[in-house]
Amino acid sequence: MTRTSTSASPDQNRDAMNEPRGVVSAVLWALGWLAAIVAVAVTAVSASTALKLTGVPDPGPLTTYGLPTLTAIGEFAAAIALGCAVFAAFFVPPQSDHVLDVGGYRAIRIAASSALVWSVCALLLMPLSASEVSGSPLSEAIKPANLINAYGQVAEVRTWFWTAVFALVAAVIARMVLKWGPTVAVIVFMIFSLMPSALAGHSSSGGNHDIATNSLILHLVGATLWLGGLAAVVVYALASGRWRALAVRRFSRVAFWCIIVVGLSGVINAAVRVPLDQLFSDTYGQLVLAKVAALVVLGALGAWHRRVTIAQLELEERPSLLVRFGLVELAVFAATFGLAVGLSRTPPPALDTANVSAVENTIGYDIDSPPTFARFFTDWRFDLIFGLAAIVLALVYIRGVVRLKRRGDDWPIGRTFAWLLGCLLLLLATSSGLGRYGPAMFSIHMIAHMLMSMMIPVLLVLGGPVTLALRALPPAGRGNPPGPREWIQAGVHSAPSRILTHPLIAAVMFVGSFYILYLGGLYEAVVQYHAAHLLMNLHFLLSGYLFYWLVIGIDPAPRQVKPVAKLGIVLGSLPFHAFFGVALMMTTAVIAESYYRGLHLPWTYNLFDDQRVGGGIAWAAGEIPLVVIMLALLVQWQRSDTRQAKRYDRNAIRDHDAELESYNDMLKELNKRG
């Protein structure tokens, strides 16, 4: 890939010349080591207790203190990488030809280096984790044969391996990025690199681990983005970047929501892990309180100095106040990250597990009675990921509609109804009795699956969210930095969107995944993992949305497909879905039989019959979306004909029916010849 040659303004050249690279590197490394020192200090307090609880020999100080050191440095580097990637993508504008400007280019290079540090730390943590779990010295655990065996036996080793893989991919992409679009891929892979750690650790086992894991995902992503974004803004201000006021304003909005997400998710996670009576007496509880106090200080610092420094940036050329207080906030943040790493190395209070049932130990909560129609609507367990997404999507959509109404523009009530109904069904499928019983019974899981892949995406597509966003969001204007409206337009017409909305690819992702997941043995291999359920729900929603976006097409799309072709795609794809349901009913073996029998539910039912019911649900589920799609296509077809007739009428008025007169003259000439 070659860099496009573009001219730079005097401000950009000043940005490039004045950037104190050595100072930036020294500051970031100093903050990383501050996080490591705090992590080691906290670990030293509880190291002996952790060894007693695990019952393994002491692996030595190199392992005991090397783990928190590398974890703190690695996670701090991950935050810098994610924050700099977001900074390059959204906080500063690219040049007119979509090539990153000097500040964005420097930020993405810092992201590449930081992601590489995160990957190296994760690789080094593999033998350290094997040494800790086995109690053997690091010199033994690092041997290739022992490390290979540990990968198959120790979950932490696999966690760090996949962390290293995702971080390395992000580093490679960031090193090659020159234009604005690919920076989004760096963000995606950096978030992926955080997921193995979020899905492991204290929150991934025991009762309520579904709530604990979901809250930890939100907590980790929010804190990482908050710290990384702050570091990127401070570094940019230190170099006197010309878009520093814009960058601070955009980051302040992101930081506001990060504070809320980090605070609420942290409280939820602590409430699950620490009983209230041990919050002040247990070491783990005291560390939780210390972390809460640090987050309060961070929130207060951020709220105060951003309110003051944004105005100061508009008046002064040198952002001295922002840099000074930003560095103080970064130091507190680094210490908080070290505290969080030390907290993850500290054993939580021992909970009473004598009465924990097999189903609670597996899926995170107890189920004491069989499902009924009434329990589907009364037995709720809120899903912090998808339930929260449903509420946020509904509120954001309503805000867009209200903005249009205040401006005097109309928005079809049918689209609003479709979107809100889709959000309601998403909430029901994941947080009501359907979501509660779904992991325990195949038939209930299939109901939720069909809603997530067949019905909810149809309603969301009919809501026309992209059209609403493009109408509600103000355009940036010529010469101004691009904003959310321009980002949405760029995403819709990007190359990945064109690839994903290809009829063959969209249909294969939508229908083919059913066969791979359930008939190919993948479901049986992953059903016991909470991460697998999150990924399945996400895949159902996204693949269904892409398919129906293509065949319904209310919103602008990278591919224009005629109504006849859309009808052909639907009629060609849905029979494969119906055949999947029939094939599922005809299977002679129970899918994931050992998993469902291992739950030991307190009522008796036939697993094979339940699976056949699930197959029948899959077979019948395509009928309702098919009717909705057919009605939508007929309406679009009629509107297309109406628009074409109106265009013809307007042309006829403008040229006084020249086409009709020409046709009549031709008939007269033919009549004369005859």
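Up top you'll find the structure we're talking about.
Residues numbered from 1 in each chain as written. Predicted model: local features only at pLDDT ≥ 70, side-chain atom pairs only at ≥ 80, totals over all residues. Heavy atoms only, no water.

From N to C terminus, the protein includes 29 helices and zero strands. Residue pairs at least 24 apart in sequence account for 79% of intrachain contacts in the protein once pairs closer than 6 positions are excluded. Total accessible area on the protein stands at roughly 31,900 Å², and carbon and sulfur atoms take up 67% of it. (Helix = DSSP H or I, 4+ residues; strand = E, 2+ residues; numbered from the N terminus. Contact = heavy atoms within 4.5 Å. Areas by Shrake-Rupley, 256 points an atom, 1.4 Å probe, with all protein chains shown as cover.)

In this section: the side chain of Thr-163. In this fold, Thr-163 is placed in helix H7 (residues 155–176). Engagement of the side chain of Thr-163 in a polar contact is seen with the backbone oxygen of Thr-159, the distance being 2.9 Å. Each residue touching Thr-163, except ones within four places of it in the same chain, is listed here: Trp-118, Ala-122, Ser-193, Pro-196 and Ser-197. (Polar contact = N/O pair within 3.5 Å; in protein donor to acceptor, adjacent residues only side chain to side chain.)

For the rest of this paragraph, the subject is H7. Between the first and last C-alpha of H7 there are 32 Å, a value that for 22 residues agrees with the 32 Å anticipated at 1.5 Å per step. In the core, the buried residues of H7 are packed alongside helix H3 (61–91), helix H4 (102–134), helix H6 (144–153) and helix H8 (183–198). (Expected span 1.5 Å × (residues − 1).)

For the rest of this paragraph, the subject is the side chain of Thr-416. Residue position: Thr-416 is located in helix H16 (residues 413–431). Classification of Thr-416 as buried rests on a relative accessible area of 13%. Setting aside residues no more than four positions away along its own chain, Thr-416 makes contact with Tyr-397, Val-401 and Trp-411. (Buried < 20%, exposed > 50% of the residue type's maximum accessible area, 1.4 Å probe, protein only.)

Where side chains of opposite charge bring their charged atoms close, a pairing between them can arise. This structure, assessed with the given rule, holds five salt bridges. Across the pair Glu-140 and Lys-143 runs a salt bridge, and its minimum N-O distance is 3.3 Å. Look at Glu-140 and you get partly exposed, because its relative accessible area is 34%. One salt bridge in this structure joins Arg-407 and Asp-409, with 3.0 Å as the shortest N-O distance. Relative accessible area serves as the criterion here: at 45%, Arg-407 is assigned to the partly exposed category. Overall, the relative accessible area of 25% leaves Asp-409 in the partly exposed class. (Salt bridge = Lys/Arg side-chain N within 4 Å of Asp/Glu carboxyl O.)

It is worth spelling out the nonpolar core at this point. Counting 173 residues, the largest nonpolar core has Tyr-523 and Tyr-548 as the members making the most contacts within it. With 18 residues, H3 is the largest single contributor of residues to this core. What Tyr-548 contacts, discounting residues up to four positions off in sequence, is Ser-453, Met-454, Pro-457, Val-458, Val-461, Phe-510, Gly-553, Pro-625 and Ile-629. Formed by nine residues, the second largest nonpolar core is a distinct cluster that contains Val-42, Ala-270, Leu-279 and Val-288. (Core = buried A, V, L, I, M, F, W, Y, C linked by side-chain atoms within 4.5 Å.)

As a further point, take H4. Spanning 33 residues, H4 covers 49 Å between terminal C-alpha atoms, matching the ideal 48 Å at 1.5 Å per step. Met-126 marks where H4 bends most, by close to 30°; the proline Pro-127 follows one to four residues later. The first or second residue beyond H4 is Gly-135, which carries a positive phi of 80°. (Bend = angle between axes of the 7 residues up to and from the residue.)

What follows deals with the packing of aromatic side chains. For the coordinates displayed, the defined rule picks out 29 aromatic pairs. Their ring planes at 55° and their centres at 6.4 Å tell us that Tyr-437 and Trp-603 sit as a pair that is tilted. Pair noted here: Tyr-437 is in helix H17 (residues 433–437) and Trp-603 is in the loop between helix H26 (593–598) and helix H27 (607–620), with a separation of 166 residues, a long-range link. The exposure class of Tyr-437 is buried, given its relative accessible area of 1%. Judged by centre distance (5.8 Å) and plane angle (40°), the ring pair of Tyr-518 and Phe-580 falls under tilted. One end of the pair, Tyr-518, is in helix H22 (residues 503–519); the other, Phe-580, is in helix H25 (residues 563–586), with 62 residues separating them in the sequence. Its relative accessible area of 3% is what places Tyr-518 among the buried residues. (Phe/Tyr/Trp six-rings, centres within 6.5 Å; stacked < 30°, edge-to-face > 60°.)

As a further point, take a nonpolar patch on the surface. On the surface, a nonpolar cluster with roughly 510 Å² of combined accessible area is contributed by Leu-116, Val-120, Leu-124, Leu-168, Val-172 and Met-176. Only H4 and H7 provide two or more residues apiece to the nonpolar patch. Along the chain, Leu-168 falls in helix H7. When its relative accessible area of 42% is taken as the criterion, Leu-168 is described as partly exposed. (Patch = residues over 30% accessible without salt bridge, like charges linked within 9 Å, V, L, I, M, F, W, Y side chains within 5 Å.)

Relative to each other, helix H15 (residues 386–407) and H16 sit at 165°, their axes nearing to 8 Å. Taken as axis vectors, H15 and H16 run roughly antiparallel relative to one another. The crossing of H15 and H16 is left-handed. Facing Phe-386, Gly-387, Ala-390, Leu-393, Ala-394, Tyr-397, Ile-398 and Val-401 of H15, the residues of H16 in contact are Arg-415, Thr-416, Trp-419, Leu-420, Cys-423, Leu-426, Leu-427, Thr-430 and Ser-431. Its residues assigned to classes, the contact of H15 with H16 comprises 12 nonpolar, four polar and one charged. (Axes fitted to C-alpha atoms, helices over the stretch in contact; angles between N-to-C directions. Parallel < 35°, antiparallel > 145°, perpendicular 65-115°, else oblique. Left-handed = near helix turned anticlockwise from the far one by under 90°. Nonpolar A, V, L, I, M, F, W, Y, C, P; charged D, E, K, R; others polar.)

This brings us to the packing of H3 against H8. Direction vectors running N to C along H3 and H8 enclose 155°, while the axes themselves pass 9 Å from each other. Relative to H8, the element H3 lies roughly antiparallel. The two elements H3 and H8 cross, and the hand of that crossing is left-handed. Contact with H3, carried on its side by Ala-78, Ala-81, Leu-82, Ala-85, Val-86, Ala-88, Ala-89 and Phe-90, involves Thr-183, Val-184, Val-186, Ile-187, Met-190, Ile-191 and Leu-194 of H8 and no other residues of that element. For the contact of H3 with H8, the class distribution of residues is 14 nonpolar, one polar and no charged.

Mapped onto the elements of the fold, Ser-369 is located in the loop between helix H13 (358–363) and helix H14 (373–378). The exposure class of Ser-369 is buried, given its relative accessible area of 14%. Discounting chain neighbours no more than four positions away, the residues touching Ser-369 are Arg-375, Tyr-437, Pro-602 and Trp-603. Only 3.4 Å separates the side chain of Ser-369 from the side chain of Asp-368, close enough to count as a polar contact.

Checked against the element boundaries, Pro-371 lands in the loop between H13 and H14. Of the residues examined, Pro-371 reaches a relative accessible area of 22% and is grouped as partly exposed. Each C-alpha atom of the pair Pro-371 and Met-441 lies 9.4 Å from the other, and the pair is 70 residues apart in sequence. Beyond its immediate chain neighbours, meaning those up to four positions away, Pro-371 contacts Phe-376, Tyr-437, Met-441 and Trp-603.

The next subject is the environment of Ser-497. Secondary-structure assignment places Ser-497 in helix H21 (residues 495–500). With relative accessibility at 14%, the residue Ser-497 sits in the buried group. Residues Ser-497 and Pro-558, 61 residues apart in the sequence, show an inter-C-alpha distance of 6.5 Å. Among all residues touching Ser-497, those that are not within four sequence positions of it are Gly-491, Val-492 and Pro-558.

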